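As a plain string of letters, each chain reads:
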Amino acid sequence: MGCNPRYEVLFEPVRIGPVTAPNRFYQVPHASGMTNARPRTRAAFREMKAEGGWGVVCTGAVSIDPSSDDAPLPFATMWDKNDIRAHALMTEAVHRHGALAGVELWHGGASVMNRASRLPPISPSGIPWMATHVGFMGNLRPKTMDRSDIRDVLRWQAEGARKARSAGFDIVYVYAGMGYLGYEFLLPEYNHRTDEYGGSIENRVRFVREMIEVTKDAVGASCGVALRVSLEELRGRPGRNQPSEAHELIELLADIPDLFDVKMDSSPTDCSASRFSGEGSHEPVIDFVKTLTRKPVVGVGRFTSPDTMVSQIRRGVLDLIGGARPSIADPFLPAKIREGREAEIRECIGCNICISSWHDGVPVRCTQNPTAGEEWRRGWHPERIEQTSRPERILVVGGGPAGLECALTLGRRGHQVTLADSARAFGGRLAFERTLPGLSAWNRVVDYRLGRLSEMSNVSLHLESRLGADDIIELGPDRVVLATGARWTNMLYSPMEIPVGRLDHSQAFTPDDIANGRLPEGPTLVFDFDNYYMGGVLAEHLAAQGIAVSYATPAGQASAWTIMTNELPLVHRALSKRQVQVMTLTTLKAFDGEAATLSHLFTGEESRVPCRSVLIVGLRVPRGELFDALMARAEDLDAAGIRSVDRIGDALAPGAIVHAVHSGHRLGRELGTVMSEQPFRRDTPIVDAETNFEMNAAAK
Ligand code: ADP
Ligand code: SF4
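Treat the numbers as computed from the prediction; the structure is a model and nothing was measured.

One pass over the structure, following the stated rule, counts 15 aromatic pairs. Taken together, the aromatic side chains of F75, W79, W106, Y175 and Y180 make up a single cluster linked through ring pairs. Taking the ring centre of F627 as reference, the NZ or CZ of R647 above it sits at 3.7 Å. The positively charged end of R681 is found above the aromatic ring belonging to W376, 4.1 Å away from the centroid.

This is the structure we're talking about:
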């Protein structure tokens, strides 16, 4: 099948200064958590997107000087020759597929704490970013930049650009977004200067303009120079001769960079979760940019629909379709559109687990694409898989995320797969969770896999098929995979921060009860020590049905772990909108049908909250009965010719959907193969390109 003529516009080349992007698919810079410490992992991760048809593939933020040090958060560097070599692996890999390679040169200004380099952070006026989340907090306030500091940064940028060119990059960025140094000059809250760099918008833009100019002087003859700028705050400020300061900024810089990469100001709005916003959510902020410049414009919006992409081009919003998350979830998104295979796109679900990986300081993980980050170390390709030479009959029990992914992977390898589930529909936990407020897009995990499975002649799908040990032994497959999931418990929580005891009461509920259609009566207390989305979203769900809900958690915030996925502020807003009272640092001690006895996590001080029901969102444990029953019948398994019984996903170790999908994929790849002793290859930094190498020598 060829490309739908409607989508051909997406495959037109676009000039970016002296270079030309082969099409409009532009993987904007995004964090990968790989850094220069894992150069091969990074090169392979980025290469996959070039192979999948992205015309431009950028690396994440790259520090231009040790005064921009985000440790312990992962960040890359362009400081010395080793760095150049490390990045060159990526540019060579991207060029192999005809794509352009871009680099986001970066100085963090006041937002970095320089914990490792111990240099003072720098900022236009010494105004710090006073983050609320402990992971971003620091005790060192930035130094106010004097003129020589400004000159230094301009020099580092030019040197960084030359090093980037030596590393083979085609597009070099000036970064003025997301709270970092360039942005700090643009915003009056950060910039209190009274010299020519502060005050009017013309003055506040000056530093960014000079950054672009020095970059162009350094590499502009051979590289495209891009400006990445956040416009959300500035769009909200009236301009003097334009509707907003964002308009004035674009007008002032209209002819200077070769490309505008436009975005929002903070991670929760820039990279918003699907729970709270849909595809194309940046448009109201960035829609005007193309009216003020003739230079190409790229922007993002979690675009996975080719019709939306075409609409952005046709309506003059964007020239290049930016993608970060959609390119992680499906590196082959452009190729699938080009080949008329849109139905096969593995659409990003907007869960932001990828972002949590960066907050965790590890290489990127993705719920939809289990091969993300595994390209080099495990050799996994998102679209190709080694065929088995010995097809076997494999029974997968349980069709949730783990079972679906495992059945799909085994089917792609050429096995005869039977997938059975006791429920009326496939999807496991998602059959219920997709009905909760904001979570409908998460069902793409099921839709993508069921779509592919239903096309495979070697896979048979069976619903309403509850299987016990007798049934399985009677079926006698070669192998059995159990993906039977987990169940929520009514366990409570101790001041030692571990689950203890149980709350047995007819009006004590777990999420499984709600999933089974049993609703609590009267005012309900949600007690959440799971800390991810479930407690918060169920509080919303119950409140939406007219139940008076209060919410208690031993953590410091509601759904505390959602700080990792950019959702936390919006969870609090959603609960407040539903008038859910939130009590933090609180544990549930007892419940008598009239009131819950709560206790402060640290002081032990007790209080009573009147309520008729409690919903405990706490510990999950595997549904292990079937596995135990099969293990007790080793001789019968032998006699039936069953060679192995494996567990995957929540049935093995309860986790988030991302864990279940990865677990199902891994077993799907490895089942029946000989595994080496080491489960994956270990990457190493490139070191000692030259001993006693001068930091900036490469720029000369
Ligand atoms: P995971 O996240 O690990 O995929 P889920 O809880 O989402 O786990 O899915 C588990 C699935 O297994 C559910 O759809 C459930 O109906 C199914 N299941 C559990 N036990 C059996 C069984 N004995 N026979 C068939 N299906 C089962
Ligand atoms: Fe999309 Fe979630 Fe994958 Fe991130 S982890 S790319 S949000 S599906």
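Turning to the packing of helix α1 (residues 39–51) against helix α2 (residues 81–95), a few remarks are in order. The description of two packed helices rests on the angle between their axes and on the distance between the axes. At their nearest, the axes of α1 and α2 sit 8 Å apart, and the two run at 20 degrees to each other. On the basis of the axis angle, α1 is roughly parallel to α2. Here the hand of the crossing between α1 and α2 comes out right-handed. Contact residues: P39, R40, R42, A43, R46, E47 and A50 in α1; A86, H87, L89, M90, A93 and V94 in α2. Residues belonging to the contact of α1 with α2 are distributed by class as follows: eight nonpolar, one polar and four charged.

Moving on, we get to the domain arrangement of the protein. For the protein, the domain assignment lists domain 1 (5–360), domain 2 (393–485 + 623–670) and domain 3 (489–620). On a C-alpha basis, the centres of domain 2 and domain 3 stand 31 Å from each other. The interface of domain 2 with domain 3 comprises twelve residues on the first partner and eleven residues on the second. Of the roughly 1,000 Å² buried between domain 2 and domain 3 on both sides combined, carbon and sulfur atoms contribute 67%. In this assembly, domain 2 and domain 3 are joined by one salt bridge.

Taken together, 21 residues sit near ligand 1, with A402, D421, R429, L467 and D650 positioned nearest. Here an oxygen atom of ligand 1 and a side-chain polar atom of D421 are 2.6 Å apart. With respect to ligand 1, the backbone of S422 contributes an N or O atom lying 3.1 Å from a nitrogen atom. Within the complex, the protein chains bury 92% of what would otherwise be the 580 Å² of accessible surface of ligand 1. Spatially, ligand 1 is embedded in the second largest pocket. Residues that form the shell around ligand 1 fall into these classes: seven nonpolar, nine polar and five charged.

This part covers unusual backbone geometry. Among all residues except glycine, the phi angle is most often negative; among peptide bonds, the trans geometry is most common. Put simply, A71 and P72 share a cis peptide bond, and its omega is 5 degrees. In this fold, P72 is placed in the loop between β4 (56–63) and β5 (76–77). Positive phi values are uncommon outside glycine, yet T35 reaches one of about 60 degrees. Turning to its location among the elements, T35 is positioned in the loop between β3 (25–27) and α1. Positioned with a positive phi, R302 is a non-glycine residue whose angle comes to about 50 degrees. Relative to the assigned elements, R302 resides in the loop between β12 (297–299) and α11 (306–314).

This next bit is on the site of ligand 2. As a matter of local geometry, ligand 2 sits amid 13 residues, with C348, C351, N352, C354 and C366 nearest to it. Elements with a minimum of two residues in the shell around ligand 2: α12 (325–329) and α14 (353–360). Partitioned by chemical class, the residues of the shell around ligand 2 number seven nonpolar, four polar and two charged.

One open sheet holds the five strands; their spatial order is β16-β15-β14-β17-β30, and the pairing between them is parallel. Edge strands, defined here as strands with exactly one partner in the open sheet, are β16 (459–462) and β30 (644–647). For this sheet the average axis-to-axis angle between neighbouring strands, irrespective of direction, equals 15 degrees. Here strand β14 (residues 393–397) runs beside strand β15 (residues 416–420); their pairing, made up of five bridges, is parallel. Paired with V396 across the bridge in β15 is L419. Along the sheet, helix α15 (residues 401–413) contacts β14, β15, β16 and β17 (479–482); its crossing angle with β15, the most-contacted strand, is approximately 165 degrees.

In this structure the tally under the stated criterion is 49 salt bridges. In this structure, E283 engages R315 in a salt bridge whose closest nitrogen and oxygen atoms are separated by 2.7 Å. In this pair, E283 sits in helix α9 (residues 283–286) while R315 sits in the loop between α11 and β13 (320–323), placing the two residues 32 residues apart along the sequence. The partly exposed category is assigned to R315, whose relative accessible area is 46%. Among the ionic pairs, R612 bridges to E521, the shortest N-O distance being 3.9 Å. You can see R612 sitting in the loop between β27 (606–610) and β28 (613–617) and its partner E521 sitting in the loop between α19 (511–515) and β22 (524–528), a full 91 residues away along the chain. E521 gets classed as partly exposed once you look at its relative accessible area, which sits at 46%. Here the salt bridges do not stand alone but share partners, grouping D330, K336, R346 and E383 into one network.

This part is about the environment of L575. Looking at the secondary structure, you find L575 in helix α21 (residues 568–577). Its relative accessible area of 1% is what places L575 among the buried residues. The spatial distance from the C-alpha of L575 to the C-alpha of F11 is 44 Å, given a sequence separation of 564 residues. Not counting chain neighbours up to four residues away, the residues in contact with L575 comprise G536, A539, E540, A558, V580 and V582.

Moving on, we come to the confidence of the model for the protein. Predicted coordinates in areas of low pLDDT are best not read in detail. The predicted model of the protein has a mean per-residue pLDDT of 96, with 98% of residues at 70 or higher. The model gives residues 695–700 a pLDDT under 50, and that stretch makes 14 contacts with residues more than four places away or in other chains.

Position of T388 among the secondary structure elements: in the loop between α14 and β14. Reaching out from T388, the side chain makes a polar contact with the backbone nitrogen of R390 at a distance of 3.0 Å. Leave out the neighbours within four places in its chain, and T388 touches R413, G414 and H415.

Looking now at the layout of surface pockets. Empty space within the second largest pocket amounts to approximately 1,100 Å³. In this structure, the second largest pocket is lined by 42 residues; those nearest its centre are S422, G428, R429, T484 and R623. At the level of elements, α15, α16 (429–433), β18 (486–488), α19 and α22 (625–631) are the ones that each hand at least two residues to the lining of the second largest pocket. Across the lining of the second largest pocket, the residue classes break down as 19 nonpolar, twelve polar and eleven charged. Formed jointly, the lining of the second largest pocket draws a minimum of three residues from each of two domains, domain 2 (393–485 + 623–670) and domain 3 (489–620).

Rules used in this analysis
Residues numbered from 1 in each chain as written. Chains lettered and ligands numbered in written order. Predicted model: local features only at pLDDT ≥ 70, side-chain atom pairs only at ≥ 80, totals over all residues. Heavy atoms only, no water. Phe/Tyr/Trp six-rings, centres within 6.5 Å; stacked < 30°, edge-to-face > 60°. Lys NZ or Arg CZ within 6 Å of the ring centre and 35° of its normal. Axes fitted to C-alpha atoms, helices over the stretch in contact; angles between N-to-C directions. Helix = DSSP H or I, 4+ residues; strand = E, 2+ residues; numbered from the N terminus. Parallel < 35°, antiparallel > 145°, perpendicular 65-115°, else oblique. Left-handed = near helix turned anticlockwise from the far one by under 90°. Contact = heavy atoms within 4.5 Å. Nonpolar A, V, L, I, M, F, W, Y, C, P; charged D, E, K, R; others polar. Domains from an automatic or database assignment. Buried area = accessible area lost by both parts, 1.4 Å probe. Salt bridge = Lys/Arg side-chain N within 4 Å of Asp/Glu carboxyl O. Near = heavy atom within 4 Å. Polar contact = N/O pair within 3.5 Å; in protein donor to acceptor, adjacent residues only side chain to side chain. Areas by Shrake-Rupley, 256 points an atom, 1.4 Å probe, with all protein chains shown as cover. 1 Å grid on protein atoms, 1.4 Å probe; cavity = no way out; pocket = protein on both sides within 12 Å on 5 of 7 lines; lining within 4 Å. Sits in = over half its atoms within 2 Å of the grid points. Pairing = 2+ DSSP bridges. Buried < 20%, exposed > 50% of the residue type's maximum accessible area, 1.4 Å probe, protein only. pLDDT = per-residue confidence, 0-100. Points joined across faces, edges and corners; volume = space filled by probe spheres on them.

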